[in-house]
Amino acid sequence: MPLSPLHLPSIVGRDRELGILYDCLDAAVSGHGGIVLIGGEAGIGKTALAEAVTQEALKQGALVLVGRCYDLTETPPYGPWVELFGRYRQIEGMPPLPPAFAARSTVGDVASEAALFHQVRVFFDELAERRPAVLLLDDLHWADPVSLDLLRFVARDLPGVALLILATYRSDELTAEHPLAQRMPALAREGRATRVGLRRLEEVDIQALVAGRYHLVEGDRQRLVAHLYGRAEGNPFFTEEILRTLEEGRMLNPSIAGWQVGDLTRAHVPPLVRQVIDGRLARLDGERRRLLAVAAVIGQEVPLTLWAAVAGTTEDALLPTIERATEAHLMAGATDGSGMRFVHALIRETLYDAAPLPVRKGWHRRAAEALAGQVDADPDSVADHFRRAGDERAIAWLMRAAERAQAARAVLTAADRFETVLRLVEPRGTTWARERGWLRYFIGAMRRHADPHQGIAHLSEAIRLAAHCEDHDLTAYALSVRGMLHAFGGDCRQALIDKRAERAAPDYRIPPATGVLTRLHMEQSPQPLTGSVEIPLMFAGRYRESLAVAKHRFALGDLDALHMIGTVSAIIGRPEDARDAYSRLYPHLRDASYVDSLAFTLAEELHLVQLPYAADRVGARRELAATVDAAWAIIGDLYGLDPRFIALPHLLLEGAWDVAFPLVQEFAAAPARVNYFNVEGPAGALAYARGEVEIARRLIRRRLPHGPDTPPGATWFAAATAMQRLAAMIAIDGADLPTARGWLDAHDRWLEWSGSVLGRSEGQYCRALYHRAAGDAERAAVCAARARSDASEPRQPLAGRRASTPR
């Protein structure tokens, strides 16, 4: 009797896709890696296709690591990466795991998200030097946001290493707001991802599948193909399930001569595979189906010890059910040998949905209690089971999960956990006002870079709740962070209202918040975000005040204050003080692994010290610019800005306009967000120099919607004054001298108000052009001389050259 062809899997109708994937594999093995995004509907064969490539990779000697995401559960921070690194076994000559993933089952404490990303990149670089590798990240539509950010980061440098990443996802799960959908353009652009979209099989593909598996007479073959194509509609998984149902129902029978097809009109094969699975499950006795339903509640991967505990039985008593489920192709052995797994997520979903809700809640409660008793209990998994059980204990475990995510610098995952807790306690009304307020504070603080406007809304509600319950600590914390977010968004006036005069005083300290979150089971007291007082002062152009606050913080032992001291010193014309502050800060940042702060500070030294005061020292300038590029490549777009855009001022000086201008176009087209304040002016200047006046005007309107009448301190000073000069130049070139004068007068008011030195020479240069256009050569010469003088003390070679060059 022939062996059942269902034990002989084959891939049909995918020659083009396999060709693309095998080409990518060959390129990776030869040192030119990449990322392939494999998308399609459930059951379309994404995983099967990716696994076929991993099998070929193993034959070629590559290392294969797999990390999966799972449905119906809360994905822990870096969930698929934790699983992937957990499968890595270090042998002689191979690099150790990244320190953050050395524990295998979780993520260890890291100084910052950027530090963790850097560890992972170093690991893969070292791994690929020793052996080609293939990573399979399966079902990314269920991944947590920070896992997707790590993927995007790793994918950036793949062309130079022997590493291929295969990522599968359900395309029909992606809405416009889905985290993967939002990151897909960046993956395609930065990682030069290859996208493979899987279509449904054509009838000719079903014919090839049937011909390859079954020896049939022509009439039977045609009937079977028509039956399969008409009901499965080209979905490979549905097709496999229907074939399995036909074999088990004896309507597709093996014989000595081959295979025979029975009366297919008797086959009740409904169009939805869930009903196909239901039909197979119905042939199991009640106890075995109950045990499988318990397994579905536990998860896609089902440890035997946990399964037995939740089901109220023994591991030995599970064996008959395991054998039957394996024979029915419902489950298979887990890769680590500790339990079982469902062969497809749809099988688990069918079992899960069929269980009555009250019964399901009881099983979730048992699973949570069993998991909670383990030594290294996973707080996300325990919290998810308690939440689905409707159990009060979910709050405590969700808070643990949030704190773990914070420790791993997975701030968006932490925000999601806090939001889940908030939904659980919102119905409790005013009796939980304080806890709800603190949850709003945490959410706003966690989302401060990803969505500052949403963060402001949460913090405003936190302030309202704090007033209701007279929680002065919460008021101070929420005002502090909301002030920062207003400053990040460019609304410096509202930022300073939040800070208030007494909060800007050098002796102001945010109080510690202790003992206020007992009912939320917080294990650690919340910590204030440092540097929040002087940031809006500096953004607004109140440089002397921000410098006084920063120096006071430094005197109290806060080394991070050196960052603000360096930045403000450069702006007010003290480049040597700035260099000294930065040089004292760098060892502290490196020792503490503050990779993101290091990148930010290096960029400020380039933009505020090297380019204004020493641009003619070409070797030193280029060396620092290369260091900035390397640092921002590590942290990516942590601040909501394409890291390549940070190089814009230097690209302009180097004459690389063709490289820089596409970045300016992308920046101008994007909605207003948290932007790096030293880049906006050069972006507008380049657009205008390229003749793209409308792009330049758009940037001016975005920063200064009220035109020259915008008062000093209302928005980012450095960006605003750069836009004022640009607007004046456009007006002069257009012979609109009254408008130009309005912009130049506003520029003078802002400079006088702030005490800024940077921008003075450029402002006088614009004045000289204005007077020349007005026909007043004498006043033009006076302004040009002032421009040269301002560019000489302190020395500013770029400004001085412009002031000395007639236009």
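This one's a predicted model, so the numbers in the text were calculated from it and none came from an experiment.

Conventions and cut-offs
Residues numbered from 1 in each chain as written. Predicted model: local features only at pLDDT ≥ 70, side-chain atom pairs only at ≥ 80, totals over all residues. Heavy atoms only, no water. Pairing = 2+ DSSP bridges. Helix = DSSP H or I, 4+ residues; strand = E, 2+ residues; numbered from the N terminus. Axes fitted to C-alpha atoms, helices over the stretch in contact; angles between N-to-C directions. Contact = heavy atoms within 4.5 Å. Salt bridge = Lys/Arg side-chain N within 4 Å of Asp/Glu carboxyl O. Phe/Tyr/Trp six-rings, centres within 6.5 Å; stacked < 30°, edge-to-face > 60°. Buried < 20%, exposed > 50% of the residue type's maximum accessible area, 1.4 Å probe, protein only. Lys NZ or Arg CZ within 6 Å of the ring centre and 35° of its normal. Parallel < 35°, antiparallel > 145°, perpendicular 65-115°, else oblique. Left-handed = near helix turned anticlockwise from the far one by under 90°. Expected span 1.5 Å × (residues − 1). Arc of directions from axis to C-beta. Nonpolar A, V, L, I, M, F, W, Y, C, P; charged D, E, K, R; others polar.

Caption draft 1: Looking closely at the sheet that holds strand β4 (residues 163–170). Spatially, five strands are ordered β2-β3-β4-β1-β5 in an open sheet, and the strand pairing comes out parallel. A strand with exactly one partner marks an edge of an open sheet, and here the two such strands are β2 (63–68) and β5 (194–197). On average, adjacent strands in this sheet sit at an angle of 15 degrees to one another, irrespective of strand direction. In this fold helix α5 (residues 145–155) packs onto β1 (34–40), β3 (133–138) and β4, with an angle of close to 145 degrees to the strand it touches most, β4. The strands touched by helix α6 (residues 179–190) within the sheet are β1, β4 and β5, with β1 carrying the most contacts at an inclination of about 140 degrees.

Caption draft 2: Just the pattern of salt bridges, in detail. Scanning the model with the defined rule gives 40 salt bridges in all. Arg 199 is the partner of Asp 205 in a salt bridge, and the nearest nitrogen-oxygen pair spans 3.5 Å. A network of salt bridges, in which partner residues are shared, links Asp 378, Asp 380, Arg 404, Asp 416 and Arg 417.

Caption draft 3: Structural detail: the sheet that holds strand β8 (residues 301–303). As summarised here, the arrangement of the three strands in space is β8-β10-β9, forming an open sheet in which the pairing is antiparallel. Either end of the sheet is taken by a strand with one partner, and the two such strands are β8 and β9 (331–333). Averaged over neighbouring strand pairs, the angle between their axes works out to 30 degrees when direction is ignored. On top of the sheet, helix α12 (residues 304–311) reaches β8, β9 and β10 (339–342); it is set at about 75 degrees to β8, its chief contact.

Caption draft 4: Main features of the packing of aromatic side chains. This structure, assessed with the given rule, holds 23 aromatic pairs. Between Trp 438 and Tyr 477 the ring centres are 5.4 Å apart and the planes differ by 70 degrees, which places this aromatic pair in the edge-to-face class. Residue Trp 438 is located in helix α19 (residues 433–446), and its partner Tyr 477 is located in helix α21 (residues 472–488); the two are separated by 39 residues in the primary sequence. The burial state of Trp 438 is the same as that of Tyr 477; both residues are buried. Clustering of aromatic rings is evident, with ring pairs tying together Tyr 78, Trp 81, Phe 85, Tyr 88, Phe 101, Phe 123 and Phe 124. One residue, Arg 121, lies across the ring of Phe 153, its end atom 4.0 Å from the ring centre. Cation over ring: Arg 428 sits above Trp 432, and NZ or CZ is 4.6 Å from the ring centre.

Caption draft 5: Main features of the packing of helix α32 (residues 693–703) against helix α33 (residues 717–733). Put simply, α32 and α33 touch, their axes get as near as 10 Å, and they point 140 degrees apart. When the interaxial angle is binned, α32 and α33 end up oblique. Once α32 is placed against α33, the crossing between them reads as left-handed. Packed against α32, whose contacting residues are Val 693, Ala 696, Arg 697, Leu 699, Ile 700 and Arg 703, the element α33 presents Ala 719, Ala 720, Met 723, Leu 726, Ala 727 and Ile 730 at the interface.

Caption draft 6: Region of interest: the environment of Gln 454. Residue position: Gln 454 is located in helix α20 (residues 452–469). By relative accessible area, Gln 454 is classed as partly exposed at 32%. Through-space distance from the C-alpha of Gln 454 to that of Gln 374 is 37 Å; in sequence the pair is 80 residues apart.

Caption draft 7: Geometry of the pairing of β1. Counting buried positions along β1 gives seven out of seven residues, so the element sits mostly inside the fold. Strand direction decides the pairing type here: β1 and β4, joined by seven bridges, are parallel. Residue pairing across strands places Leu 37 opposite Ala 167, the latter belonging to β4. Bridge count for β1 against β5 is four bridges, and the pairing is parallel. Residue Val 36 lies in a different strand from β5, and its bridge partner there is Thr 194.

Caption draft 8: Helix α36 (residues 777–790), seen in detail. An ideal rise of 1.5 Å per residue puts 20 Å on 14 residues; α36 measures up with 20 Å between its terminal C-alpha atoms. Along α36, the positions that sit buried rather than exposed are Ala 780, Cys 783, Ala 784 and Ala 787. Projection of α36 onto a plane perpendicular to its axis shows the buried side chains occupying an angular sector of 105 degrees, all on one side.

Caption draft 9: Looking closely at the packing of helix α4 (residues 113–130) against helix α28 (residues 618–635). Remark: α4 packs on α28, axes separated minimally by 8 Å, with the N-to-C direction vectors making an angle of 95 degrees. Here α28 runs roughly perpendicular to α4, going by the angle between their axes. For the pair α4 and α28, contact is made by Ala 114, Phe 117, His 118 and Arg 121 and by Ala 633, Ile 634 and Ile 635, respectively. In terms of residue class, the contact of α4 with α28 is made up of five nonpolar, one polar and one charged.

Caption draft 10: Broad picture of α33. In this model α33 runs 24 Å from its N-terminal to its C-terminal C-alpha over 17 residues, within 8% of the 24 Å that 1.5 Å per residue would give. Counting buried residues in α33 gives 15 out of 17 residues, a clear majority hidden from the surface.

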